[in-house]
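Below are the chains, spelled out letter by letter.
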Amino acid sequence: MFSLKPPRPTFRSYLLPPPQTDDKISSEPKIKKLEPVLLPGEIVVNEVNFVRKCIATDTSQYDLWGKLICTNFKISFITEDPMPLQKFHYRNLLLGEHDVPLTCIEQIVTVNDHKRKQKVLGPNQKLKFNPTELIIYCKDFRIVRFRFDESGPESAKKVCLAIAHYSQPTDLQLLFAFEYRPTRHLGDTRLSLLLISVFSCRESMQTKHFRNTIKQIFKWGQNMVIY
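Attention in this report is confined to the structure presented alongside it. All values reported here derive from a predicted model rather than from experimental measurement. (Residues numbered from 1 in each chain as written. Predicted model: local features only at pLDDT ≥ 70, side-chain atom pairs only at ≥ 80, totals over all residues. Heavy atoms only, no water.)

## A look at the state of the cysteines
Okay, step 1: Within this structure, the stated rule accounts for zero disulfides.
Okay, step 2: For Cys104, which is in no disulfide, the shortest distance to another cysteine sulfur is to Cys138 and amounts to 4.8 Å.
Okay, step 3: Overall, Cys138 belongs to the buried group, its relative accessible area being 7%. (Disulfide = S-S within 2.5 Å. Buried < 20%, exposed > 50% of the residue type's maximum accessible area, 1.4 Å probe, protein only.)

Right, here's the structure in full:
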């Protein structure tokens with residue numbers, strides 16, 4: 001005689017299994033490094049982090065946070081925040097959305113709110129106070145304002161002095177346009193960059209510099225090769 005035994009009840013757990021951990025995956029958040037887009041031969045001269053770009057004059061609600069960079073060609077403000085109150089979007093082949101060419105700068109003013117001081121910076125000048133605000137007056141009637149409330153005071157001073165030094169060259173030959181020589185390019189793009197830099201420079205209005213520059217433009221244009 002065989003005895004029939006009832007089957008044993010199986011235990012079912014309602015707890016979730018522990019998550020599988022992978023040693024290769026790091027738990028630290030990935031921080032995206034903000035880097036500028038540089039042209040061939042363009043170098044970063046100075047930079048400062050935690051800069052606030054002022055968008056509106058009556059409120060700081062729309063201000064952008066990012067990094068201010070000075071190169072030998074332009075001022076570049078890099079941010080991950082979208083541009084507020086923007087109704088249209090355009091793309092420049094040489095400049096970014098927040099870029100200002102150094103040859104487009106007319107005047108540089110540094111401000112210190114605590115000491116109630118301000119100074120118009122020129123080339124080879126010293127700055128005796130740490131700036132809390134940088135105001136840039138452009139030749140195309142733009143006014144660009146940056147705040148250094150959360151930035152390092154020495155870093156803010158260095159980037160202001162670098163902008164003043166590279167935006168007002170003593171000789172036209174020091175402009176980045178004369179050093180920009182990519183191996184492959186469109187001839188009109190290279191010539192346009194040179195013309196923009198020359199005619200927006202203050203020294204180009206002088207007769208001697210103007211004639212020498214025009215001669216170099218035509219000499220340069222004859223040697224161009226359009227690919």
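## Some words on the pattern of salt bridges
Okay, step 1: Scanning the entire structure with this criterion turns up nine salt bridges.
Okay, step 2: Of the charged contacts, one joins Glu42 and Lys74 as a salt bridge, the two residues approaching to 2.7 Å between their closest N and O atoms. You can see Glu42 sitting in the segment before strand E1 (44-54) and its partner Lys74 sitting in strand E3 (residues 74-78), a full 32 residues away along the chain.
Okay, step 3: Owing to a relative accessible area of 5%, Glu42 belongs among the buried residues under this scheme.
Okay, step 4: Measuring nitrogen to oxygen at the nearest pair gives 2.7 Å for the salt bridge that ties Arg147 to Asp113. Remark: Asp113 occurs in the loop between strand E5 (105-112) and strand E6 (117-121) and Arg147 occurs in strand E8 (residues 143-147); sequence separation between them is 34 residues.
Okay, step 5: The partly exposed category is assigned to Asp113, whose relative accessible area is 36%.
Okay, step 6: Where salt bridges share partners, they join Arg52, Asp63, Asp113, Glu133, Arg145, Arg147 and Asp149 into one cluster. (Salt bridge = Lys/Arg side-chain N within 4 Å of Asp/Glu carboxyl O. Helix = DSSP H or I, 4+ residues; strand = E, 2+ residues; numbered from the N terminus.)

## Considering the sheet that holds E6
Okay, step 1: Spatially, E4-E3-E2-E1-E8-E7-E5-E6 is the arrangement adopted by the eight strands of the open sheet, whose pairing is antiparallel. The open sheet has two edge strands with one neighbour each: strand E4 (99-101) and E6. Across this sheet, the average inter-strand angle for adjacent strands is 30°, counted without regard to direction.
Okay, step 2: Pairing of E3 with E4 involves three bridges; the strand directions are antiparallel. Paired with Ser76 across the strands is Asp99, a residue of E4.
Okay, step 3: Of the strands in this sheet, E1, strand E2 (64-71), E3, E5, E6 and strand E7 (133-138) touch helix H1 (residues 153-167), which is tilted by about 115° from E1. (Pairing = 2+ DSSP bridges. Axes fitted to C-alpha atoms, helices over the stretch in contact; angles between N-to-C directions. Contact = heavy atoms within 4.5 Å.)

## Observations concerning the nonpolar core
Okay, step 1: Counting 27 residues, the largest nonpolar core has Leu68, Leu134, Phe146 and Phe148 as the members making the most contacts within it.
Okay, step 2: When residues of this core are traced back to their parent elements, those giving at least two are E1, E2, E3, E5, E7, E8 and H1.
Okay, step 3: Of the residues forming this core, the biggest block, six residues, is contributed by H1.
Okay, step 4: Setting aside chain neighbours within four positions, we find Phe148 in contact with Val48, Val51, Leu68, Pro131, Thr132, Glu133, Leu134, Ala156, Val159 and Cys160. (Core = buried A, V, L, I, M, F, W, Y, C linked by side-chain atoms within 4.5 Å.)

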